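Listed below, chain by chain, are the residues.
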Amino acid sequence: MRTPLQLTDLPVAVLLVLAMSSIGVYGIVLAGWASASPYSLLGGLRSSAQVVSYEIAMGLSFVAVFLYAGSLSTSAIVNAQAAGHEFHVGGVALHYPSWFAVLLFPSFVIYLITMVGETNRLPFDLPEGEGELVGGFHTEYSSLKFALFYLAEYINMTTVAALATTLFLGGWRAPWPISVWAGANSNWWPLLWFLAKVLILLFCFVWLRGTLPRIRYDQLMAFGWKILIPVSLAWILMIATIRVWRQHGGSTPVYIVGGAILGALLLLAWMGDVAAEKRRAAAAPATETAAAAPGAASGAAPAPRAATSAPATVGAEAGTGGSAGFPVPPLDLPHYHGVGVTASPGGTPSDPDAAARAGVKEVTGA
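In short, a report on the structure. (Residues numbered from 1 in each chain as written. Predicted model: local features only at pLDDT ≥ 70, side-chain atom pairs only at ≥ 80, totals over all residues. Heavy atoms only, no water.)

### Digging into helix α3 (residues 38–69)
The criterion, for reference: A run of H or I in DSSP counts as a helix once it spans at least four residues, and a run of E counts as a strand once it spans at least two, with each numbered from the N terminus. To estimate the expected span of a helix, count its residues, drop one, and scale the result by 1.5 Å.
Taking 1.5 Å of rise per residue, 32 residues should cover 46 Å, and α3 covers 46 Å from first to last C-alpha, within 8% of that figure. After α3 finishes, the residue G70 shows a positive phi value of roughly 75°.

Written as structure tokens, this is what we have:
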């Protein structure tokens, strides 16, 4: 009797995993909302927007796998990657790599990117954003509560790595060319192969965190909605066309021509987006000049901005003529220069904490 090392084999197992992983954002949103802190609230809202955008691209990357495997069951998907086409070298029968990471390489790359964004890891850890939001959604949490957030993040990393192993890296089967060995997929070896693949993906998470810088939030959302999702849709259409054409006896030149047409369309779309960005960047100085023209015509010199003036906005810095935008905190507060600090007759503050308290009183009125 043979018992597979699997809890259950549902016919829609992948959809169940996606459904369970998508509700994990509720904990982050509720944690940020309950903190009564603007930084925590912004972190929770960023996480919800990030999960929505990257969950779509992640789901689309699975569609090509479903089309090739013909099933949503994890065991059926692993069996579909068992062996590729056979070829002979020196009288030895070998098989081409049959992992979907090779056959469906664009889907694999898209999933790798989206699983990093799904787990809020660098360079996509905008919900935490220490340089912007102090600590994001977990700013007000410490001790065991912070430990639970930390543990949940690494559990999520392990889950998406195991899902990538199952869908794209052959699951528990031995990697090629070790699979040539007859006993590579028997006894405890499958468990070893599966854990090794998961650990390699977890190493990639740590590697990215120590290599890449954090990107801006607008770049994050633009990358998800303008690049990942359109590319996923185009790739799915091409895979579906190839599958249908192959079932009806299509030929290789047709695939090449179709791929070239699709690549040309994607290149044109990208070039159009770049050209639009350049036009907007070129129009920004003209807008600033037009806004400053009335003051220059009247002969009045523009008033210099004081160090303690109202905060600037992202909209004004972007050249929108001073329109309202997200507020930027002042970068030159009074207590940096000792304003409001009372000193002792000897010339030094009588209390070591007097400067800090005076600065707080000056800025906040407390």
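Next, the rest of the story.
### A short note on the packing of α3 against helix α6 (residues 105–118)
Counted only if it meets this: Lines fitted to C-alpha atoms define the axes here, with helix axes fitted over just the stretch in contact, and angles between the N-to-C directions of these axes take values from 0 to 180 degrees. Convention used here: angles under 35 degrees read as roughly parallel, angles over 145 as roughly antiparallel, angles from 65 to 115 as roughly perpendicular, and any remaining angle as oblique. In a left-handed crossing the near helix is turned counterclockwise from the far helix by less than a right angle, and in a right-handed crossing that turn is clockwise. Contacts were defined at the residue level, with two residues in contact if any of their heavy atoms lie within 4.5 Å. Each residue is assigned to one class: nonpolar for Ala, Val, Leu, Ile, Met, Phe, Trp, Tyr, Cys and Pro, charged for Asp, Glu, Lys and Arg, and polar for all the others, Gly among them.
For the pair α3 and α6, the least separation of the axes is 9 Å and the interaxial angle reads 155°. Our classification of the angle between α3 and α6 gives roughly antiparallel. Considering only the axes of α3 and α6, their crossing is left-handed. Along the contact surface, α3 presents Q50, V51, Y54, E55, A57, M58, S61, F62 and A64, while α6 presents S107, I110, Y111, T114, M115, G117 and E118. When the residues that make up the contact of α3 with α6 are grouped by side-chain class, the tally is nine nonpolar, five polar and two charged.

### So, a nonpolar patch on the surface
Cut-off, in case you're wondering: What goes into a patch is any residue over 30% in relative accessible area without a salt bridge, connected to like charges within 9 Å or, for nonpolar side chains (Val, Leu, Ile, Met, Phe, Trp, Tyr), within 5 Å. For the area figures, the Shrake-Rupley method with a 1.4 Å probe applies, and any residue is considered shielded solely by the protein chains shown. A pair is scored as a salt bridge if a Lys or Arg side-chain nitrogen falls within 4 Å of a carboxyl oxygen belonging to Asp or Glu. Each residue's exposure class comes from its accessible area (1.4 Å probe, protein chains only) as a fraction of the maximum for that residue type: buried when under 20%, exposed when over 50%, partly exposed otherwise.
Taken together, the side chains of L10, V12, L15, L16, M20, I23, Y26 and L30 define a hydrophobic patch exposed on the protein surface, amounting to about 770 Å² of accessible area. Among the secondary structure elements, those contributing two or more residues to the nonpolar patch are α1 (13–22) and α2 (25–34). With three residues, α1 is the largest single contributor of residues to the nonpolar patch. Locating L15 in the fold gives a position in helix α1. For L15, a relative accessible area of 41% translates into the label partly exposed.

### Comments concerning unusual backbone geometry
Cis geometry marks the peptide bond from L122 to P123, where omega comes out at 5°. Relative to the helices and strands, P123 is located in the loop between α6 and α7 (130–133). Phi angles above zero are rare outside glycine, and N120 is one such case at about 60°. For N120, the location among the structural elements is in the loop between α6 and α7. If you check the backbone angles, S143 has positive phi at about 60° while not being a glycine. Inspection of the secondary structure puts S143 in helix α8 (residues 143–168).

### With respect to the packing of aromatic side chains
The line we're drawing: Stacked, edge-to-face and tilted are the three classes for Phe, Tyr and Trp ring pairs, Trp counted by its six-membered ring, which pair at centre distances within 6.5 Å; planes under 30 degrees apart are stacked, over 60 edge-to-face, the rest tilted. When the NZ atom of lysine or the CZ atom of arginine is within 6 Å of a ring's centre and also within 35 degrees of its normal, the charge is said to sit over that ring.
Applying the stated criterion across every chain yields a total of eleven aromatic pairs. Measuring from ring centre to ring centre gives 5.3 Å for F137 and F149, while their planes differ by 70°; the resulting arrangement is edge-to-face. With F137 in the loop between α7 and α8 and F149 in helix α8, this residue pair connects regions lying twelve residues apart in the sequence. The class of F149 is partly exposed, set by a relative accessible area of 21%. Three or more aromatic residues link up through ring pairs in this structure, and these residues are F62, F66, F108, Y111 and F168. The ring of Y68 has R243 sitting right over it, with the charged end atom 4.6 Å from the ring centre.

### A few points about the layout of surface pockets
Convention followed: As defined here, a cavity is a set of points on a 1 Å grid over the protein atoms alone where a 1.4 Å probe fits but cannot get out. A pocket is an open set with protein on both sides within 12 Å along at least five of seven lines, and residues line them when an atom is within 4 Å of a point. Grid points are joined across faces, edges and corners, and a volume is the space filled by probe spheres set on the points.
Of the pockets and cavities examined, the largest pocket occupies roughly 1200 Å³. Lining the largest pocket are 29 residues, with L5, Q6, L7, W172 and F194 positioned closest to its centre. Listed by contribution, the elements that provide at least two residues to the lining of the largest pocket are α1, α4 (74–80), α8 and α9 (189–209). Split into classes, the residues belonging to the lining of the largest pocket amount to 15 nonpolar, twelve polar and two charged.

Distances and angles like these do not, on their own, reveal function.
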